[in-house]
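Understanding the architecture of this molecule
Here is what each chain is made of, one letter per residue.
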Amino acid sequence: MKYYSTNKQAPLASLKKAVIKGLAGDKGLYMPENIDLLKDFVVGEMKDMTLREIACTVAKALFGDDVDGKTLEKIIDDTLSFDIPVTPIHDNIYSLELFHGPTLAFKDVGARFMARLLGYFITKEGVRDVNVLVATSGDTGSAVANGFLGVEGIKVYVLYPKGKVSPIQECQFTTLGQNITALEIDGTFDDCQALVKSAFMDLEINEHMKLTSANSINIARFLPQSFYYFYAYAQLDKTGKADELVISVPSGNFGNITAGLVANWMGLPIKRFIAANNRNDIFLNYLKTGRYTPRPSVATIANAMDVGNPSNFDRIIDLFSIYPDPHKAITKKIAGYAYTDKEIANTMRKVYTQYGYILDPHGACGYQGLIDNQLNGNETGLFLETAHPAKFKSAVDEILGTNIEIPPTLQAFMKGHKQSVGLSNTFNEFKAYLMNQ
Ligand SMILES: *Cc1c(COP(=O)(O)O)cnc(C)c1O
């Protein structure tokens, strides 16, 4: 399989090249050139398959030309060593709990898959010494750092804004050591992101070291997220609930929902999607007006979705560019909603008191999207619960009056010893640091 750039100016790339480069030379995002449609009967058979078997089937369709089957199976085994339950909440509403991985967020799936695929290219294909730069406001850094921990030939630098990530988040990427370095930047998340972008464009740094990114622009982090859409469908199919499936995705950079759209494009029957936003409603405005107007992000309690210029927007446009009126086609397939912190808190309280289910602030947006979309009696609603509520313990406890338990995996991080390198937010200092590595 070859990968093309959404800007159509860069040459086609192999999987290896697309993964190592991250972004195409023309600044576009890579997309798979042709995906064998998984036949209907395969999707129908998935209800008798395990999560591992389903993920292997989808992985072979996507990556089977470039990576042998045995290796893919091994990568899947190492990636999906945890459950992804589909939990009924009430009526025809279900939660897809994507938070049972090592850092308790859905990003574990993509980050672990990417780390292992890169590891394979390094050990088997002579690729050397890759450096992953990742800017984080909290969740991405922990999933990437833990996914890449101990993978030989790869060094990870996590840039995070000093004093602006929660202590629980911070300990998940500052206590690891080995090939993971935490860079504590005296600045904002936007500063961290700008430093990473400048590094990618700096010729001297790129001559000095091989750099790639591990956010959802990277095809190896983005595409594996399609696995669990197939798995969720199969679980609902077992009880005859999958025929008219509506899936609501709490969205920030829109990598997760775009992976669902790819699954749909591969033949998975999903009736429609809901893009649930917090107050950063750039995509909702696009749905309403047909105009895409990025703007600086605003801080909310669902902070992993505080994104003012969703990086996967171009992939959505690209998927629908075969239609004469792409905007119209997008609004037929995707509905959008946006919620204030107050609305998010109200949803969390309502679901907790009525159904005894604890939502995290991101999942709450997804749930409320299904409610506001007013499903008909034949439709099944599934929302993606993207983080364990304990990751947002202080907000959740304050809103619900609870004292929720911190899972043992998270407690273990909190006992670790913090190690980080303090840097100012100037590019010169960051560059000097990298040139010394
Ligand atoms: C990253 C993240 C999101 C947003 O996912 P995108 O793929 O960027 O749209 C939603 N919820 C949580 C908990 C996250 O960590």
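Structure's up top.
Computed from a predicted model, the values in this text were never measured in an experiment.

Glancing now at the site of the ligand. Looking at the ligand, there are 15 residues lining it, with Lys107, Gly252, Asn253, Phe254 and Thr386 nearest. Within the side chain of Asp139, an N or O atom sits 2.9 Å from an oxygen atom of the ligand. Contact distances for the ligand include 2.9 Å between an oxygen atom and a backbone N or O atom of Asn256. Here the ligand loses 97% of its free accessible area of 380 Å² to cover by the protein chains. In terms of residue class, the shell around the ligand is made up of 6 nonpolar, 7 polar and 2 charged.

Time to look at unusual backbone geometry. Phi at Lys27 takes a positive value of approximately 70°, unusual for a residue other than glycine. On the secondary structure map, Lys27 appears in the loop between α1 (15-21) and β2 (30-32). Its identity as a non-glycine residue notwithstanding, Asp91 has a phi of 45°, on the positive side.

Before going further, it helps to examine the sheet that holds strand β12 (residues 380-385). In spatial order, the strands read β3-β4-β12-β9-β10-β11; together these 6 strands make up an open sheet with mixed pairing. Each end of this open sheet is capped by a strand with a single partner; those strands are β3 (86-90) and β11 (334-338). Neighbour to neighbour, the strand axes of the sheet diverge by 25° on average, direction disregarded. Looking at chain direction, strand β9 (residues 245-250) and strand β10 (residues 272-277) are connected through 5 bridges and run parallel. Residue Val249 lies in a different strand from β10, and its bridge partner there is Ala275. This element, helix α13 (residues 282-289), spans β10 and β11 of the sheet and lies at about 130° to β11. Its contacts with the sheet put helix α17 (residues 361-372) on β3, β4 (93-97), β9, β10, β11 and β12, and the angle it makes with β12 is roughly 165°.

With 10 of its 10 residues buried, helix α6 (residues 139-148) lies for the most part within the structure. Along α6, the positions that sit buried rather than exposed are Asp139, Thr140, Gly141, Ser142, Ala143, Val144, Ala145, Asn146, Gly147 and Phe148. Where α6 ends, the next residue or the one after it, Gly150, has phi of about 80°, a positive value.

The rules behind the values
Residues numbered from 1 in each chain as written. Predicted model: local features only at pLDDT ≥ 70, side-chain atom pairs only at ≥ 80, totals over all residues. Heavy atoms only, no water. Near = heavy atom within 4 Å. Polar contact = N/O pair within 3.5 Å; in protein donor to acceptor, adjacent residues only side chain to side chain. Areas by Shrake-Rupley, 256 points an atom, 1.4 Å probe, with all protein chains shown as cover. Nonpolar A, V, L, I, M, F, W, Y, C, P; charged D, E, K, R; others polar. Helix = DSSP H or I, 4+ residues; strand = E, 2+ residues; numbered from the N terminus. Pairing = 2+ DSSP bridges. Axes fitted to C-alpha atoms, helices over the stretch in contact; angles between N-to-C directions. Contact = heavy atoms within 4.5 Å. Buried < 20%, exposed > 50% of the residue type's maximum accessible area, 1.4 Å probe, protein only.

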